[in-house]
Amino acid sequence: EIQYLKYPKMDSALNTHFTMNNGQKIPAVGYGTFLNLDGITDLVVEAVKAGYRHIDTAALYGNEAQIGDALEKLFKEGVVKREDLFITTKLWNHHKQEGMVEQRLKDSLKNLKIDYLDMYLIHWPIGEAADGKVIQTPLHKTWAELEACVDKGLTKGIGVCNFVVQLLLDLLSYARIPPAINQVEMNPYLQCSDLLMFCKRHNILIEEFAPLGASANAGPLGFKGEPKSLLQDATIKAIADKHKRTPAEVCLNWAVSRGCVVLPKTATVARLKPNLEITKFKLDEEDMKKISEITIEQRMYDPRNWNGDFKFDHT
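A few points on the structure. These numbers come from a predicted model, not from an experiment.

1. Thoughts on the packing of aromatic side chains
In the structure shown here, the tally under the stated rule is 2 aromatic pairs. Judged by centre distance (5.0 Å) and plane angle (40 degrees), the rings of F34 and Y61 are tilted. One end of the pair, F34, is in the loop between β3 (31–32) and α2 (40–50); the other, Y61, is in the loop between β4 (54–56) and α3 (64–76), and 27 residues separate them in sequence. One cation-aromatic arrangement involves R82 over Y116; the distance from NZ or CZ to the ring centre is 4.0 Å.

This is the structure we're talking about:
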């Protein structure tokens, strides 16, 4: 039995928003800002003017303050109001000492120049100090502090990144507020169908990062060797030709068709709108079946390569 036909069921129209388990609505396409440092203020302004209403960042990215400048400009000029945007940032590994979560969230709010987050995510299921020593705070204590941040109105939702099924099962066994999101690497070269099925059964929304596959900037977790280019894949290119779209647009559409939020990133203003408008066409079941039959599995951000080389210098 073909998994993509079994679950999720193909809809007649592609979603532009999803509703999460806490009742929040989230745009299906967000603007990813990882590794965007130069000119990120102007890029975020242009992204919002192009129609993006979902911005994803993280303390690690080192660009929260610049994004805050963009938000301040957009609000001042009346382009959007705060309630029009869905803003996500993330708790870094160094900041999981007991009692630290609320302050780090407040630091992010100060950088972003806003009063609340729409989503606060645990960036990795790892607690590691800047000197490489293990932070001896178990996940259930970190999660309780995140829940307290929801209670205090500092963030509307909480979730995780890079969690596998076993970690999610453990978290769900004690969470008073279940995770609304699991943000993971996923694309046609890393389809993670079992994880997707599990999250859907437990009403956890998947957000895809690296939706276009190979990147030259994966850092110390990067693919070892010469990665294959997803955008040059024969199946993806044939489907793109069929719909008169680009391979990138096919990959992004595939993600939303499977019921996932997708986070493309670009530093090119001309690509902002095409990435956002992928919900304006629909892959058919034959397209989805062909993509599901791609057998390449290629993880660009592999935690098995973790060696502590991610240094956090942002305050």
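Having seen the model, we can carry on.
2. As for the packing of helix α6 (residues 165–172) against helix α7 (residues 193–201)
Two elements in contact, α6 and α7, have axes separated by 10 Å at closest approach and are oriented at 15 degrees. It follows from the interaxial angle that α6 and α7 lie roughly parallel. Considering how the two elements wind past one another, α6 and α7 form a crossing that is left-handed. Contacts between α6 and α7 involve V165, L168, L169 and L172 from the first element and L195, F198 and C199 from the second. Taken together, the residues that form the contact of α6 with α7 break down as 7 nonpolar, no polar and no charged.

3. What to know about α3
The first and last C-alpha atoms of α3 sit 18 Å apart over 13 residues, in line with the 18 Å expected at 1.5 Å per residue. Listed in full, the buried residues belonging to α3 are E64, I67, G68, A70, L71 and L74. One side of α3 carries all its buried residues, which in axial view fall inside an arc of 160 degrees. Looking at the buried side of α3, the elements it contacts are α2, β4, β5 (86–91) and α4 (101–112).

4. Here's the deal with the pairing of strand β9 (residues 205–209)
Within β9, 5 of the 5 residues are buried, which leaves it mostly tucked inside the rest of the structure. Covered by surrounding structure in β9 are L205, E207 and F209 together with I206 and E208, the residues of both alternating faces. Inspection of the sheet shows strand β8 (residues 181–185) paired to β9 by 5 bridges, in the parallel sense. Looking across to β9, one finds that N182 is bridged to I206. In this fold, the crossover linking β8 to β9 by way of α7 has right-handed handedness.

Scoring rules and cut-offs
- Residues numbered from 1 in each chain as written.
- Predicted model: local features only at pLDDT ≥ 70, side-chain atom pairs only at ≥ 80, totals over all residues.
- Heavy atoms only, no water.
- Phe/Tyr/Trp six-rings, centres within 6.5 Å; stacked < 30°, edge-to-face > 60°.
- Helix = DSSP H or I, 4+ residues; strand = E, 2+ residues; numbered from the N terminus.
- Lys NZ or Arg CZ within 6 Å of the ring centre and 35° of its normal.
- Axes fitted to C-alpha atoms, helices over the stretch in contact; angles between N-to-C directions.
- Parallel < 35°, antiparallel > 145°, perpendicular 65-115°, else oblique.
- Left-handed = near helix turned anticlockwise from the far one by under 90°.
- Contact = heavy atoms within 4.5 Å.
- Nonpolar A, V, L, I, M, F, W, Y, C, P; charged D, E, K, R; others polar.
- Expected span 1.5 Å × (residues − 1).
- Buried < 20%, exposed > 50% of the residue type's maximum accessible area, 1.4 Å probe, protein only.
- Arc of directions from axis to C-beta.
- Pairing = 2+ DSSP bridges.
- Right-handed = clockwise from strand over helix to strand, strands pointing away.

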